[in-house]
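Below are the chains, spelled out letter by letter.
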Amino acid sequence: MGRPDIPAELGQALSKLRRVAVLTGAGVSAESGVPTFRDAQTGLWSRYSPEQLATPEAFERDPRLVWEWYTWRRQLVAAVHPNPAHLALARMARLFARFSLITQNVDSLHQRAGNTEVIELHGNISRITCSRGCGIVTAFDESAAPPPCPSCGAPLRPDVVWFGEMLPADALSRAQEAAKSCEIFFSVGTSAQVYPAAELPFSARRAGALLVEVNPEETALTASADFVLRGAAGRILPHLVHQLEAAH
Ligand code: BV8
Ligand code: ZN
């Protein structure tokens, strides 16, 4: 397969711009072997949809089932590696004066690829916290069922944002600030359907930023994008960063 073509005017814009923001979704981890939310869950989880399991109600109703799902996902994530898309974003962070990496993913693959500042909008699967909110945060452990909170006894839960739950205020405000102040906003590997994360590219555009989409498929964002790089992030981003490094 030939080199993906990066439009010349995008290359020119990137050589002049200083402030870049990137929003990633499950698609950036797809080439590491982590199923996206839209892919049918593999194996025994195929009969559940994430929207059914990633909710406080599901955890209330069947804490052990939800806990097992996260244990399965945590083990799957621990067994995979960052792919060329993650590695390209780690290199890209070093090329711009202001680079904000905002992710909807909970898999730590951006950190493992070398990005030191990652705005995690939806938490992280490697951490667990008190389901009654008494602030305890600790590392996920191998127990078969949610362990009791050491201070209040409520079951501990994955430290991720479920549907219907508020996003961490600090992460969301940093992401909104980055979207409003960037000159170019990349939306990579996200179907742009889950709010308020999906609002970010639109607020970047309203603030005057160029909008670039990297995705093999059309999304809710495609019509508003200034540049659509149609293809896998693991193929497109390394080529884009290679071009940028050559120009720097
Ligand atoms: C909130 C963490 C309320 C957990 C996640 C009705 C009831 C309740 C809520 C709502 C409702 N209607 C709307 C809502 C709001 C809801 C929402 O937006 N729902 C959607 C479904 C309509 N949002 C929320 O509930 C949020 N909270 O609104 O609170 C509130 C408001 C005010 C005051 C109080 C309360 C919380 C949302 C966060 C949920 N948690 N994850 C976990 O991981 O277990 S969301 C989860 O799903 C991901 O984090 C991600 O955000 C989303 C999946 O989306 P993507 O990442 O885009 O992945 P997806 O599979 O969709 O797409 C993959 C893309 O990659 C595709 O486009 C594909 O083409 C592309 N791709 C594939 N391969 C590649 C590729 N791209 C590049 N390269 C490749 N190789
Ligand atoms: Zn507690």
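To continue, consider the overall build of the protein. Counting secondary structure elements, the protein contains 10 helices and nine strands. Considering only C-alpha atoms, the protein reaches an extent of 55 × 35 × 30 Å along its principal axes. Within the protein, the proportion of its 248 residues that are buried is 50%. Nonlocal contacts in the protein, meaning residues at least 24 apart in sequence, comprise 66% of its contacts between residues at least 6 apart. In the form shown here, the protein has an accessible surface area of approximately 11500 Å², with 53% of it arising from carbon and sulfur atoms. Looking at the protein, you have 23 positive and 25 negative side-chain charges, and the mean spots of the two groups are 4 Å apart.

Here we take up helix α10 (residues 233-247). Helix length check: α10 (15 residues) gives 21 Å between terminal C-alpha atoms against 21 Å at 1.5 Å per residue, within 8%. Of all the residues in α10, the buried ones are Ala-233, Gly-234, Ile-236, Leu-237, His-239, Leu-240, Val-241 and Leu-244.

Further remarks concern the site of ligand 1. Taken together, 32 residues surround ligand 1, and among them Arg-38, Tyr-70, Arg-73, Gly-164 and Ser-191 come closest. Between ligand 1 and Thr-36, the relevant distance is 3.5 Å, taken from an oxygen atom to a side-chain nitrogen or oxygen of the residue. Taking Ala-233, its main chain carries an N or O atom lying 2.9 Å from a nitrogen atom of ligand 1. Taking 1500 Å² as the accessible area of ligand 1 by itself, protein coverage stands at 73%.

Turning next to helix α5 (residues 63-79). For α5, with 17 residues, the first-to-last C-alpha span of 24 Å sits near the 24 Å given by 1.5 Å per residue. The set of residues buried in α5 consists of Leu-65, Val-66, Trp-67, Trp-69, Tyr-70, Thr-71, Arg-73, Arg-74 and Val-77. Residues of α5 that are buried sit in contact with α3 (50-53), α4 (56-61), α7 (109-113), β4 (123-130) and β6 (156-160).

What follows is about the coordination of the zinc ion (ligand 2). Protein coordination at the zinc ion (ligand 2) comes from Cys-130 (SG), Cys-134 (SG), Cys-149 (SG) and Cys-152 (SG), with a distance range of 2.3 Å. Classification of the site at the zinc ion (ligand 2) as tetrahedral follows from its four donor atoms and the range of 99 to 129° in their angles at the metal. Read in sequence order, the donor residues coordinating the zinc ion (ligand 2) give the pattern C-x3-C-x14-C-x2-C. Here Cys-149 falls in the buried class, since its relative accessible area comes to 3%.

Our focus in this paragraph is the sheet that holds strand β5 (residues 137-139). Here we have three strands laid out as an open sheet, ordered β5-β4-β6, and antiparallel in their pairing. Strand pairing shows two members of the sheet lacking a second neighbour, β5 and β6, which therefore form its edges. Across this sheet, the average inter-strand angle for adjacent strands is 45°, counted without regard to direction. The pairing of β4 with β6 spans four bridges and is antiparallel. Considered in β6, the bridge of Gly-123 is made with Val-160. Its contacts with the sheet put α5 on β4 and β6, and the angle it makes with β4 is roughly 145°.

Two side chains bearing opposite charge may form a pair once their charged atoms approach each other closely. Counting across every chain of the model gives nine salt bridges. One salt bridge connects Glu-245 with Arg-91, and the closest N-O pair in it is separated by 2.9 Å. Taken together, the positions of Glu-245 in helix α10 and Arg-91 in helix α6 (residues 84-93) put the pair 154 residues apart, joining distant regions of the chain. The exposure class of Arg-91 is partly exposed, given its relative accessible area of 27%. In this structure, the salt-bridge partner of Glu-165 is Arg-157, at a minimum N-O distance of 2.7 Å. Using a relative accessible area of 24% as the deciding quantity, one classes Glu-165 as partly exposed. Residues participating in the shared-partner salt-bridge network are Glu-120, Arg-127 and Asp-159.

Within the secondary structure, Leu-10 is located in helix α1 (residues 8-16). Put simply, Leu-10 and Ile-184 are 174 residues apart on the chain and 9.9 Å apart in space, counted from C-alpha to C-alpha. For Leu-10, the contacting residues outside a window of four places in its chain are Ile-184, Val-212, Phe-227, Leu-229 and Leu-240.

What counts and what doesn't
- Residues numbered from 1 in each chain as written.
- Chains lettered and ligands numbered in written order.
- Predicted model: local features only at pLDDT ≥ 70, side-chain atom pairs only at ≥ 80, totals over all residues.
- Heavy atoms only, no water.
- Helix = DSSP H or I, 4+ residues; strand = E, 2+ residues; numbered from the N terminus.
- Buried < 20%, exposed > 50% of the residue type's maximum accessible area, 1.4 Å probe, protein only.
- Contact = heavy atoms within 4.5 Å.
- Areas by Shrake-Rupley, 256 points an atom, 1.4 Å probe, with all protein chains shown as cover.
- Lys, Arg positive; Asp, Glu negative; His and termini not counted.
- Charge placed at Lys NZ, Arg CZ, Asp CG, Glu CD.
- Expected span 1.5 Å × (residues − 1).
- Near = heavy atom within 4 Å.
- Polar contact = N/O pair within 3.5 Å; in protein donor to acceptor, adjacent residues only side chain to side chain.
- Donors = N, O, S within 2.8 Å, 3.2 Å for Na, K, Ca; no water.
- Tetrahedral: all angles 85-135°; square planar, octahedral: opposite > 155°, others 65-115°.
- Pairing = 2+ DSSP bridges.
- Axes fitted to C-alpha atoms, helices over the stretch in contact; angles between N-to-C directions.
- Salt bridge = Lys/Arg side-chain N within 4 Å of Asp/Glu carboxyl O.

Keep in mind these numbers describe shape, not what the thing actually does.
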